[in-house]
Amino acid sequence: MKLLVYGAGVLGSLFAARMHEAGHDVSLLARGGRLTALRRHGVQLAEGDSPAVRRVPVPVVEHPDGGYDLITVFVRTHQVDAVLESLAGLEGDVLFLHNWAAGAQPLGAVIGHERVLLGFPAAGGTMDGDVVRYRKSNFITRRVAMPIGEPDGRTTPRLERIVETFRTTGINAKAEPQMDAWLKTHAAFEVPLGQAVHAAGGPVALADDPDAVRGMLHLMRQNLAAMETPPVPRAFDALRALPQGFLVAVLRRFLKSPTAVHSGLNDPSPAAAAELERLAEQLRAPAGAR
């Protein structure tokens with residue numbers, strides 16, 4: 001498989017390194033200082049707080065150089081519009097792997113509806129300079145699959161082929177027949193969570209403020225109630241059904257966990273805030289405007 005990874009942040013870098021180590025013909029697209037660092041050192045990876053840094057010599061490009069079997073897009077929600085035009089001039093299916101609550105229509109309108117697949121990455125981590133610090137795997141994270149789906153929910157040969165390819169590299173991918181609803185459900189949860197974390201100054205600081213956690217939970221419940229379809233996975237119904245006190249305790253424990261601390265939740269950058277705002281706009285938009 002000839003693969004282009006569009007976006008050289010935490011998730012794109014992790015994904016490109018895994019695919020390269022599995023023997024695939026993969027290129028990682030980067031710009032500016034990130035491009036320079038990748039050309040000099042490769043993708044630099046460290047597990048959690050470990051001082052050991054592993055370097056993976058993934059080929060990097062500043063500009064795409066031809067047709068691809070698959071282009072995977074790892075950019076923030078508010079950056080998608082800026083990359084769509086460049087994707088329109090390339091060949092290959094395009095798998096969008098990021099927060100997105102606007103559906104496939106605005107993506108397909110630019111690059112061709114037949115090229116679009118939707119998904120969401122299961123990995124997580126933070127940038128430490130040019131080093132990607134990814135979270136340590138455990139029993140729970142190993143069971144969390146990366147969902148990928150066709151916009152219309154079909155199980156197609158290309159979807160099966162992509163899922164199988166990812167699995168052979170050790171990436172726990174799965175076909176998700178309700179990918180659009182999955183992404184909207186995730187956004188309904190992610191926007192209040194991310195904005196509350198940013199307002200508090202980090203996940204641990206938010207965990208230490210039970211009133212703020214209760215307010216965050218209230219917004220999550222409002223978002224889920226406003227959805228046009230049932231949440232996917234249906235487990236998110238628990239955020240509406242279980243007692244508030246129990247859920248607040250669970251959320252506070254999660255916010256103090258390594259999974260939360262070593263994730264994008266701990267990113268205080270303006271880009272992270274801009275992504276959450278764009279995602280919130282997508283949630284508020286009428287169905288026909290998405």
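Residues numbered from 1 in each chain as written. Predicted model: local features only at pLDDT ≥ 70, side-chain atom pairs only at ≥ 80, totals over all residues. Heavy atoms only, no water.

### Focus on the overall build of the chain
Of the regular secondary structure elements, the chain holds 13 helices and twelve strands. For 290 residues, the compact-globule formula gives about 19 Å, and the C-alpha radius of gyration of the chain, at 19 Å, lands near that figure. Overall size of the chain, expressed as C-alpha extent along the three principal axes, is 55 × 45 × 35 Å. Looking at the chain as a whole, 48% of its 290 residues are labelled buried. Taking the intrachain contacts of the chain between residues at least 6 apart in sequence as the baseline, contacts between residues at least 24 apart amount to 67%. Carbon and sulfur atoms make up 53% of the accessible area of the chain, which totals about 13,300 Å². The distance from the centre of the 31 positive side-chain charges to the centre of the 30 negative ones in the chain is 6 Å. (Helix = DSSP H or I, 4+ residues; strand = E, 2+ residues; numbered from the N terminus. Rg over C-alpha atoms; globule rule 2.2 N^0.38 Å. Buried < 20%, exposed > 50% of the residue type's maximum accessible area, 1.4 Å probe, protein only. Contact = heavy atoms within 4.5 Å. Areas by Shrake-Rupley, 256 points an atom, 1.4 Å probe, with all protein chains shown as cover. Lys, Arg positive; Asp, Glu negative; His and termini not counted. Charge placed at Lys NZ, Arg CZ, Asp CG, Glu CD.)

### Side note on the confidence of the model for the chain
Mean pLDDT over the chain: 92, with 96% of residues reaching 70 or higher. Per-residue pLDDT, averaged within each element of the chain, yields its smallest value for helix α5 (residues 139-143) (57) and its largest for strand β8 (residues 116-119) (98). (pLDDT = per-residue confidence, 0-100.)

### Some remarks on the sheet that holds strand β4 (residues 54-56)
One open sheet holds the four strands; their spatial order is β4-β3-β10-β9, and the pairing between them is mixed. The open sheet has two edge strands, β4 and β9 (125-128), and neither has a second partner. Each strand of the sheet is rotated relative to its neighbour by a mean of 30 degrees, with strand direction disregarded. Inspection of the sheet shows strand β3 (residues 43-47) paired to β4 by three bridges, in the antiparallel sense. In the sheet register, V43 faces β4, and the bridge partner there is V56. Strand contacts of helix α2 (residues 32-41): β3, β4, β9 and β10 (131-134), with the helix running at about 80 degrees to β3, the strand carrying the most contacts. (Pairing = 2+ DSSP bridges. Axes fitted to C-alpha atoms, helices over the stretch in contact; angles between N-to-C directions.)

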